[in-house]
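This is what each chain is made of:
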Amino acid sequence: MTSDVLDSFINQATARCDLQSEPDDCVLALAPLMLDLIVHASTFLRPHHYLSSDAGYTRNLIYEAPNKALSLYALVWLPGQWTPVHDHGSWGVVGVVEGVLEERAYVRVSPDRGADKEIDLVRGGIVLLRSGSVTSFVPNPDHIHVTGVPTERPRAVSLHLYGRTMNDFNVYDVEARTRRRITVPHNES
Ligand SMILES: [Fe+2]
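The structure presented is a predicted model; accordingly, all values stated were derived computationally and were not measured.

### Focus on the nonpolar core
One finds Leu30, Met34, Ile38, Ala74, Val93, Leu159 and Leu161 to be the most contacted residues of the largest nonpolar core, which totals 34 residues. Counting residues per element, the ones that place at least two in this core are α1 (4-19), α2 (23-39), β2 (71-77), β3 (92-98), β6 (134-137) and β8 (156-162). When neighbours within four sequence positions are excluded, Val93 is seen to be in contact with Val27, Leu30, Ala31, Met34, Val134, Ser136 and Leu161.

### Digging into the sheet that holds β6
Two strands in a sheet stick together by hydrogen bonds in their backbones, pointing the same way (parallel) or opposite ways (antiparallel). Strand order in this open sheet of five strands is β1-β2-β8-β3-β6, and the pairing throughout is antiparallel. Across the chains shown, the open sheet's two edge strands, defined by having one partner strand only, are β1 (58-64) and β6. Geometrically, the sheet is characterised by an average inter-axis angle of 20 degrees between neighbouring strands, direction not taken into account. Strand direction decides the pairing type here: β2 and β8, joined by seven bridges, are antiparallel. Of the residues in β8, the one forming a bridge with Val76 is Val157. Lying over the sheet, α2 contacts β3, β6 and β8, oriented at roughly 15 degrees with respect to β3.

### A look at unusual backbone geometry
For the bond from Asn140 to Pro141, the omega torsion is 5 degrees, close enough to zero to count as cis. Among the secondary structure elements, Pro141 is positioned in the loop between β6 and β7 (144-148). Notably, Lys68 is not glycine yet its phi reads approximately 65 degrees, a positive angle. Assignment of secondary structure puts Lys68 in the loop between β1 and β2. Its 11 C-beta neighbours within 10 Å are what place Lys68 among the exposed residues. With phi around 55 degrees, Asn140 is a residue other than glycine that occupies positive phi space. With respect to the helices and strands, the residue Asn140 is situated in the loop between β6 and β7.

### Some thoughts on the UniProt feature "binding site: Fe cation" (unreviewed entry) in the protein
With numbering matched to this structure, UniProt assigns "binding site: Fe cation" (unreviewed entry) to His86, His88 and His145. The greatest C-alpha distance among the residues just named is 9.6 Å, despite their covering 60 residues of sequence, which places them together in space. With respect to the element layout, His86 can be found in the loop between β2 and β3. C-beta crowding within 10 Å serves as the criterion here: with 20 such atoms nearby, His86 is assigned to the buried category. Not counting residues within four places of it along the chain, the set of residues in contact with His86 comprises Phe169, Asn170, Val171 and Tyr172. For His145, the position within the fold is in strand β7. Residues contacting His145, with those up to four places away along its chain left out, are Glu103, Arg104, Ala105 and Tyr106.

### Concerning the packing of α1 against α2
Running from N to C, α1 and α2 point in directions that differ by 170 degrees, and their axes come no closer than 9 Å. As judged from the angle between their axes, α1 and α2 are roughly antiparallel. Within the contact between the two elements, α1 uses Phe9, Gln12, Ala13, Arg16 and Cys17 and α2 uses Cys26, Ala29, Leu30, Leu33 and Leu37. Residues that form the contact of α1 with α2 fall into these classes: eight nonpolar, one polar and one charged.

### What about the sheet that holds strand β5 (residues 121-130)?
In space, the three strands of this open sheet follow the order β5-β4-β7, with antiparallel pairing throughout. Both outer strands of the open sheet, β5 and β7, are each paired with one neighbouring strand and no more. When the angles between neighbouring strand axes are averaged without regard to direction, this sheet yields 20 degrees. As defined by bridge partners, strand β4 (residues 100-108) adjoins β7 across five bridges and the pair is classed as antiparallel. When the sheet's bridge partners are listed, Ala105 is paired in β7 with His145.

Cut-off values and rules
Residues numbered from 1 in each chain as written. Predicted model: local features only at pLDDT ≥ 70, side-chain atom pairs only at ≥ 80, totals over all residues. Core = buried A, V, L, I, M, F, W, Y, C linked by C-beta atoms within 7 Å. Buried ≥ 20, exposed ≤ 12 C-beta atoms within 10 Å, placed from the backbone. Helix = DSSP H or I, 4+ residues; strand = E, 2+ residues; numbered from the N terminus. Contact = placed C-beta atoms within 7 Å. Pairing = 2+ DSSP bridges. Axes fitted to C-alpha atoms, helices over the stretch in contact; angles between N-to-C directions. UniProt positions renumbered as here; feature names shortened; annotations may be inferred. Parallel < 35°, antiparallel > 145°, perpendicular 65-115°, else oblique. Nonpolar A, V, L, I, M, F, W, Y, C, P; charged D, E, K, R; others polar.

Shown next, in the form of structure tokens:
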């Protein structure tokens, strides 16, 4: 089930993406759309988009383009739920519709030779994104980060738009200096 607001967002995002071949231009064009979308999130988010789990943060699919070039999810973060250290291999635009989403960055300090080992990461800064905030990232170099909600804060809900269907990505073991590709589940819309 869709809505006029969501349909308009998808149509505009698709059109703007088609015009932009570079990820940085893409997020530049799409971030303002996300800023508007989250204001109207209550008009198209349905109860199944708010599904959560005590086992970890949940990824609820809202839209997937037929050609897989665009995907939109509602992510629900209960207190204390975090991602592993990861990247996306894609551009992404994130908007917060409820709560405060925390993002902790990692910076790669070893040369990227495309290998899955001998990866040295140091912790970078953090950002705290309140409801109404938008952030974005681009690949190459990948934005490596941890996202979540500390135990002392309430549930957060965020919308995530990516330049592909986000069903797999790299997770990093900082101590072991390695990364591996994992497949991640989502709830179908
Ligand atoms: Fe992420």
